[in-house]
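# Breakdown of the fold
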Amino acid sequence: MQIETYIDALVSYAMNTGLAMPEDHMVLQNRLLEVLGKDEYKESHEEQPEDLEEILKGILDYACANGLCEDNITARDLFDTKVMGLLTPMPREVIRTVREKYAQSPKLATDYYYKLSCDSDYIRRYRIAKDMRWKYASEYGDMDITINLSKPEKDPKAIAAAKNAPQSSYPKCQLCVENEGYAGRMNHPARQNHRVVPITVKGEDWCMQYSPYVYYNEHCIVFNQQHTPMKIDRSAFEKLLDFVGTFPHYFVGSNADLPIVGGSILSHEHFQGGHYTFAMETAPVEQKLSFAGFEDIEAGIVKWPMSVIRLDGKDPDRIAALAEKILNVWRGYSDPACTVFAETDGEPHTTITPIARRRGELFELDLVLRNNLTTQEHPLGVFHPHADKHHIKKENIGLIEVMGLAVLPSRLKGELSRLAEAIVSGADIRADEVLSKHAQWVDQLKQSYTFTEENAMEILLQETGKVFSQVLEDAGVYKNTPQGRDGFNRFVAAVNA
């Protein structure tokens, strides 16, 4: 197929999705000719593909064949992002449209902005579709289990190129506003098709964007325009509650501000939100609480594997004030009987993962108690996935997992498939270098199940969900046991003291 066919197809795609108008046709055609190193256009009469992935593949193959792009996943991503950047409306147009639609309703504004982020290929829908997703019915609610396949695995050439690339501190991190329109490099993603929307959060200049990996519906990131570190304090609670006042159909939460229990980017203040109902949101309060001086705030302990205090009220300032009181007590609280230590050798261990949402007319704030203590027995964290579950999940438990959505490593897709085959065939799993880490788990499962070719994979998927639920129990500071509940109540008493 000649390259002009793909050029025509991409211009048509821009028109059909609303990225461009018919008046833009000639400019877009010439921009594409320029980036592909062509001085002339030969009209094509071939049938145009309509699928964006297919169109971009045709353009990328041409670019690689003509020396315009190296043929590895990172270089191809850099090049096709440059191409899509040529079609993406300028920030002023995006911001104007978002504000016009927000004047009608917040949901209309986010609907437009999310669709734009997908149509511009900033969110690569065809990669997101490859993720594995299923539900696990736990005692706490229906957990979302996902195996992330949308982040492409880098091949050795790309890894070597990234290692040898000149180091740069621009942009300072992948959240900074300087990423908008940035060309990228072998060790930093291209963002020519990326558009951020400025918003005001509690009187400060912030921005909103969507995550390119979309772990759940309309997965957005809300970030400070200044490159300033994460900090959980009253101001953070106020900002979260202010955001859900502005976008009442979205939830928003913050990763904790300490290593192990925090997110992957602690150097830049940001929140994550979106239009999705997690199992945690539907989990009921199993024990009502009252806090002296805050009788206007409904409070309770949530039935959840982690330790969660839920606050509901009409006045967000009152909720933030109570949340601050709980946080301040937690920062200095120790209970050796529950292995809770506020600090060791001057290193602080306690913090909170907060999540805000609207529940009708009420504002709601969930406070998840976190502690990042490490010991010789648990060198990665006492309240972290324990070693017997590392074959499934070893990584930190951040905001998204806290709410009941497992983001599991891509290796599990192949491992679970091979494991199902090995179980059915009777192969020696311990003799397999890759699968041997699952051997003890499989021994336990064989005591409960009779595996067949028809049911093996489904059993493994459901039991993977069960392991994730147990991982959250590991991360819970106060266990769902009589001793754990006594410990939780001692802390509540300390807040009221």
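You'll find the structure just up there.
Here is a short report on the structure shown in this document. (Residues numbered from 1 in each chain as written. Predicted model: local features only at pLDDT ≥ 70, side-chain atom pairs only at ≥ 80, totals over all residues. Heavy atoms only, no water.)

To continue, consider unusual backbone geometry. Cis peptide bonds are those with omega within 30 degrees of zero, and the linkage from Tyr-170 to Pro-171 qualifies with -15 degrees. For Pro-171, the location among the structural elements is in the loop between α8 (156-164) and β3 (197-201). With a phi close to 40 degrees, Val-214 is a non-glycine residue in the positive phi region. Relative to the helices and strands, Val-214 resides in the loop between β4 (204-210) and β5 (220-224). Unusually for a residue other than glycine, Thr-339 sits at a positive phi of about 55 degrees. (Helix = DSSP H or I, 4+ residues; strand = E, 2+ residues; numbered from the N terminus.)

It is worth spelling out the pairing of strand β10 (residues 308-313) at this point. The two faces of the sheet receive side chains in turn, since in a regular strand these alternate between them. The element β10 is largely enclosed, with a buried count of six among its six residues. As paired strands, strand β9 (residues 298-302) and β10 are joined by four bridges and run antiparallel to one another. In the strand pairing of β10, Ile-301 is matched with Ile-309. Where β9 folds back onto β10 in an antiparallel hairpin, the turn is made up of five residues. When β10 meets strand β14 (residues 362-371), the two strands line up antiparallel, connected through six bridges. Considered in β14, the bridge of Val-308 is made with Val-368. (Buried < 20%, exposed > 50% of the residue type's maximum accessible area, 1.4 Å probe, protein only. Pairing = 2+ DSSP bridges.)

So, about the pattern of salt bridges. For the structure shown, the criterion picks out 36 salt bridges. A salt bridge links Asp-432 to Arg-418, with the nearest nitrogen and oxygen atoms 2.4 Å apart. Taken together, the positions of Asp-432 in the loop between α13 (411-425) and α14 (439-446) and Arg-418 in helix α13 put the pair 14 residues apart, joining distant regions of the chain. On the accessibility criterion, Arg-418 (36% relative accessible area) is partly exposed. Beyond isolated ion pairs, a larger network of salt bridges with shared partners links Glu-281, Arg-310, Arg-357, Arg-359, Glu-364 and Asp-366. (Salt bridge = Lys/Arg side-chain N within 4 Å of Asp/Glu carboxyl O.)

Our focus in this paragraph is the pairing of β14. In terms of residue burial, β14 counts as a mostly covered element, since nine of its 10 residues are buried. With 10 bridges joining them, strand β13 (residues 350-359) and β14 adopt antiparallel strand pairing. Looking across to β14, one finds that Thr-350 is bridged to Asn-371. The hairpin formed by β13 and β14 contains two residues between the paired strands, and Gly-360 there has a positive phi angle of roughly 70 degrees.

Below, the discussion takes up the nonpolar core. Leu-10, Phe-243, Phe-291, Leu-311, Ile-326 and Tyr-478 are the most contacted members of the largest nonpolar core, which has 94 residues in total. Beyond its immediate sequence surroundings of up to four residues, Phe-243 is in contact with Ile-199, Met-208, Cys-220, Val-222, Tyr-250, Phe-251 and Val-252. Grouped together as the second largest cluster of nonpolar side chains are 52 residues, Ala-422, Ile-429, Trp-441 and Ala-475 included. (Core = buried A, V, L, I, M, F, W, Y, C linked by side-chain atoms within 4.5 Å. Contact = heavy atoms within 4.5 Å.)

This part covers the sheet that holds strand β15 (residues 405-408). The strand order β1-β2-β15 describes an open sheet built from three strands, whose pairing is mixed. Each of the sheet's edge strands pairs with one partner strand only, and the pair in question is β1 (132-138) and β15. Direction aside, the axes of adjacent strands within the sheet are offset by 20 degrees on average. Across four bridges, the pairing between strand β2 (residues 141-147) and β15 is parallel. Considered in β15, the bridge of Thr-146 is made with Val-407. Against the sheet, helix α15 (residues 456-475) engages β1, β2 and β15, with an angle of about 65 degrees to β1. (Axes fitted to C-alpha atoms, helices over the stretch in contact; angles between N-to-C directions.)

What follows concerns the side chain of Asp-77. For Asp-77, the location among the structural elements is in helix α4 (residues 73-85). A distance of 2.8 Å separates polar atoms of two side chains, one belonging to Asp-77 and the other to Arg-127. (Polar contact = N/O pair within 3.5 Å; in protein donor to acceptor, adjacent residues only side chain to side chain.)

So, on to the packing of aromatic side chains. Note on aromatic pairs: each is described by the distance of the centres and the angle between the planes. Enumeration according to the criterion identifies 19 aromatic pairs in this entry. Plain terms: the ring middles of Tyr-170 and Tyr-182 are 5.6 Å apart, the flat faces sit at 75 degrees to each other, and that makes the pair edge-to-face. Taken together, the positions of Tyr-170 in the loop between α8 and β3 and Tyr-182 in the loop between α8 and β3 put the pair 12 residues apart, joining distant regions of the chain. In textbook terms, an aromatic cluster arises when at least three aromatic residues are bridged by ring pairs, as seen for Trp-330, Tyr-333, Tyr-478, Phe-488 and Phe-491. One residue, Arg-358, lies across the ring of Phe-363, its end atom 4.0 Å from the ring centre. (Phe/Tyr/Trp six-rings, centres within 6.5 Å; stacked < 30°, edge-to-face > 60°. Lys NZ or Arg CZ within 6 Å of the ring centre and 35° of its normal.)

A sheet is described by the order of its strands in space; here 10 strands give the open sequence β3-β4-β5-β7-β6-β13-β14-β10-β9-β8, paired in antiparallel fashion. Here the strands that pair on one side only, and so sit at the sheet edges, are β3 and β8 (285-289). On average, each strand axis in the sheet is inclined to that of its neighbour by 25 degrees, with strand direction left out of account. In the sheet, β3 pairs with β4 via five bridges, with the strands oriented antiparallel.

To find leftover empty space, one rolls a probe the size of a water molecule over the atoms. The volume enclosed by the second largest pocket comes to roughly 390 Å³. Lining the second largest pocket are 20 residues, with Leu-19, Asp-24, Pro-89, Met-90 and Glu-93 positioned closest to its centre. Of all elements in the fold, only α2 (25-35) and α5 (91-104) reach the threshold of two or more residues within the lining of the second largest pocket. Among the elements that make up the lining of the second largest pocket, the one with the highest residue count is α5 (four residues). In terms of residue class, the lining of the second largest pocket is made up of 11 nonpolar, four polar and five charged. (1 Å grid on protein atoms, 1.4 Å probe; cavity = no way out; pocket = protein on both sides within 12 Å on 5 of 7 lines; lining within 4 Å. Points joined across faces, edges and corners; volume = space filled by probe spheres on them. Nonpolar A, V, L, I, M, F, W, Y, C, P; charged D, E, K, R; others polar.)

Turning to empty space enclosed by the protein, a few remarks are in order. Enumeration over the complete set of coordinates arrives at two cavities of 30 Å³ or more. Roughly 50 Å³ of volume is contained in the largest cavity. Every residue lining the largest cavity is listed: Ile-301, Val-302, Trp-304, Met-306, Ser-307, Val-308, Tyr-478, Lys-479, Asn-480, Gly-484, Arg-485 and Phe-488. The set of elements that each furnish at least two residues to the lining of the largest cavity consists of β9 and α16 (482-496). Broken down by element, the lining of the largest cavity gets its largest block of residues, three residues, from α16. Residue composition of the lining of the largest cavity, by class: seven nonpolar, three polar and two charged. Considered as a void within the structure, the second largest cavity measures approximately 30 Å³ in volume. Lining of the second largest cavity is provided by Phe-251, Tyr-276, Phe-278, Glu-281, Ile-355, Arg-357 and Met-403. Partitioning the lining of the second largest cavity into residue classes produces five nonpolar, no polar and two charged.

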